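Architecture at a glance
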Amino acid sequence: MPQREGDPLVTFHFLLDLSGKAQGLFTEISGLGSETEVVETKVTDSKGRDFIKKVPGRLKFTDVTLKRGVTKEMDFWKWRQMVVEGKASDARTNCTITMLSTDLEPVAQWNLQNAWPSKISGPQAQAESSTFGMEELTITYEFLERVS
């Protein structure tokens, strides 16, 4: 059945592009978003009644975590190593996450500004398991925009 306009998008992979410096396909993503802190202030209305007023506070972007099967590719590990070596300012880059359909066509895209890898981890191996070894990359960033 063909997808109709307005139907939820079916995902297959996520492409992470570090401004052309590195690219990789991932099968899982979480945490892509933003939130505004809620600030509670005690106020008194014109009749002398106290109540709590909630107002928007600071804008905060949540860390994004991507997962994929382990490959021979080392670009993301090298990117993380820059931070480990104290070169976080050199590691900062703009990047794009593109959600791909089962036909590998772009269906949605997000741009992250001043992104850097705050965590990377390899597989948790079990010798008797027949599952793929998965690696996980967590990215911290300063601004997020969905562009398509």
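Please refer to the structure placed before this passage.
Described below are features of the structure shown in this document.

Re the pattern of salt bridges
Scanning the model with the defined rule gives 8 salt bridges in all. Ionic pairing is found between aspartate 45 and arginine 49, a salt bridge with its closest N-O pair at 2.8 Å. A relative accessible area of 23% means that aspartate 45 is categorised as partly exposed. Judged by relative accessible area, arginine 49 falls into the partly exposed class, the value being 48%. One salt bridge connects lysine 67 with glutamate 136, and the closest N-O pair in it is separated by 3.7 Å. Here lysine 67 is found in strand β6 (residues 64-69), whereas its partner glutamate 136 is found in strand β9 (residues 134-140), with 69 residues between them in sequence. Here lysine 67 falls in the partly exposed class, since its relative accessible area comes to 28%. Given the relative accessible area of 21%, glutamate 136 is considered partly exposed.

Thoughts on the packing of aromatic side chains
Between two aromatic rings, the relevant description is the distance of the centres plus the angle of the planes. Overall, the coordinates contain 3 aromatic pairs when judged by the stated rule. Seen from their ring centres, phenylalanine 61 and tyrosine 141 are 5.9 Å apart, and the 45 degrees between their planes marks the pair as tilted. Of this pair, phenylalanine 61 sits in strand β5 (residues 50-62) while tyrosine 141 sits in the loop between β9 and β10 (143-146), and the two are 80 residues apart along the sequence. The residues phenylalanine 61 and tyrosine 141 share a single accessibility class, namely buried.

Things to note about the pairing of strand β4 (residues 33-44)
Where β4 lies against β5, 11 bridges are found, and the strand directions are antiparallel. Along β5, the bridge assignment pairs valine 39 with valine 55. What sits between β4 and β5 in their antiparallel hairpin is a turn of 5 residues, with glycine 48 showing a positive phi close to 85 degrees.

A closer look at the side chain of arginine 68
Looking at where arginine 68 falls in the secondary structure, it is placed in strand β6. What makes arginine 68 buried here is its relative accessible area of 5%. Not counting the four nearest positions on each side in its chain, arginine 68 is found in contact with Gly24, Leu25, Phe26, Thr27, Glu73, Phe76, Gly133, Met134 and Glu135.

Calculation notes
- Positions within a chain are numbered from 1, following the residues in the order the chain's sequence is written.
- For this predicted model, a pLDDT threshold of at least 70 governs which residues receive local features, and a threshold of 80 or more governs which side-chain atom pairs are given and counted, while totals over whole chains, interfaces and linings are taken from all residues.
- The side-chain numbers reported here are obtained from all heavy atoms of the structure, hydrogens and water having been left aside.
- Every case where a carboxyl oxygen of Asp or Glu lies within 4 Å of a side-chain nitrogen of Lys or Arg is listed as a salt bridge.
- Exposure is judged per residue with a 1.4 Å probe applied to protein chains only, and the accessible area is read against the type maximum: over 50% gives exposed, under 20% gives buried, and values in between give partly exposed.
- To qualify as a helix, a DSSP run of H or I must reach at least 4 residues; to qualify as a strand, a run of E must reach at least 2; elements of each kind are numbered from the N terminus.
- Pairs were defined over the aromatic rings of Phe, Tyr and Trp, the Trp ring being its six-membered one, requiring ring centres within 6.5 Å. Orientation was assigned from the angle between planes: stacked under 30 degrees, edge-to-face over 60, tilted for the rest.
- Here a strand pair is declared whenever DSSP counts at least two bridges between the two strands.
- Contacts are assigned to residue pairs that have any heavy atoms within 4.5 Å of one another.

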